[in-house]
Amino acid sequence: KVNNLVKLQNGKWLSVYSGFGLNGSIYTLKVIDNELYLGGYFYQINGSTFRGLAKYNGTDFLRIPNINEGTDGNIHSFQKMNNNLVCYAKLYRQ
């Protein structure tokens, strides 16, 4: 069984990260600077707090620098612009 974050390899769906435990939904993915950014409505990945935004470097999930443990809401899309992460989001607090 695979869910949440999967890749198609040799005709089979495989988990991108073994032990991937995400307690919500991913709405958007984007590769920025060779890292996979995830946005959505989730609060934890593998027991660590991420709150809607995270990045995956091919080995581990990391918090995005300069974001105070993410958001309290839904991240629907994002783009890097002038070294800033610009998000389309529904936030409940700042």
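For the structure itself, look to the data block above.
Being a predicted model, the structure only gives us computed values, none of them experimental. Each residue is numbered by its place in its chain's sequence as written, counting from 1. Thresholds applied to this predicted model are a pLDDT of at least 70 for local features of residues and 80 or more for the giving and counting of side-chain atom pairs; totals over whole chains, interfaces and linings are not thresholded and use all residues. Working from all heavy atoms in the structure, the side-chain values ignore hydrogens and water.

A.B. asks: Would you mind showing me how to read the sheet that holds strand β4 (residues 35-41) here?
C.D. replies: Paired through their backbone hydrogen bonds, the strands of a sheet run either parallel or antiparallel. When DSSP finds two or more bridges between two strands, those strands count as paired. Each helix is a run of H or I in the DSSP string that is no shorter than four residues. Each strand is a run of E no shorter than two, and both are numbered from the N terminus. Pairing is antiparallel in the open sheet, where four strands are placed in the order β3-β4-β7-β8. At either end of the open sheet lies a strand with only one pairing partner, and these are β3 (25-32) and β8 (61-62). Of the pairings in the sheet, the one linking strand β7 (residues 53-56) to β8 comprises two bridges and is antiparallel in character. Note that in β8 the partner of Y56 across the bridge is F61.

A.B. asks: I'm lost on unusual backbone geometry in this one. Help?
C.D. replies: A negative phi angle characterises most non-glycine residues, just as the trans form characterises most peptide bonds. The phi torsion at N10 lies on the positive side, around 55°, for a residue other than glycine. Here N10 lies in the loop between β1 (6-9) and β2 (12-15). Judged by relative accessible area, which is 75%, N10 ranks as exposed. The backbone of N34 shows a phi angle near 65°, a positive value even though the residue is not glycine. Within the secondary structure, N34 sits in the loop between β3 and β4. Categorising residues by exposure relies on relative accessible area from a 1.4 Å probe, with only protein chains included: less than 20% of the type maximum marks a residue as buried, more than 50% marks it as exposed, and the intermediate range marks it as partly exposed.

A.B. asks: I would appreciate a short explanation of the packing of aromatic side chains in the present structure.
C.D. replies: Any Phe, Tyr or Trp ring, taking Trp's six-membered ring, that has another such ring centre within 6.5 Å forms a pair; planes under 30 degrees apart are called stacked, those over 60 apart edge-to-face, and the others tilted. Under the criterion given, the structure shown has three aromatic pairs. Ring plane angle 55° and centroid distance 6.3 Å describe the contact between Y37 and F78, whose orientation is recorded as tilted. Here F78 lies in strand β9 (residues 73-81) and Y37 lies in strand β4, a separation of 41 residues in the sequence. Classification of F78 by relative accessible area gives buried; the value is 5%. Ring centres of Y56 and F61 lie 4.7 Å apart, and the angle between their planes is 35°; this geometry places the pair in the tilted category. Judged by its relative accessible area of 9%, Y56 is buried. Residue classification places F61 among the buried positions, given a relative accessible area of 10%. Across from the ring centre of F50, 5.3 Å away, lies the NZ or CZ of R63, which sits over that ring. Two conditions define a charge sitting above a ring: the NZ of Lys or the CZ of Arg must be within 6 Å of the ring centre, and it must be within 35 degrees of the ring normal.

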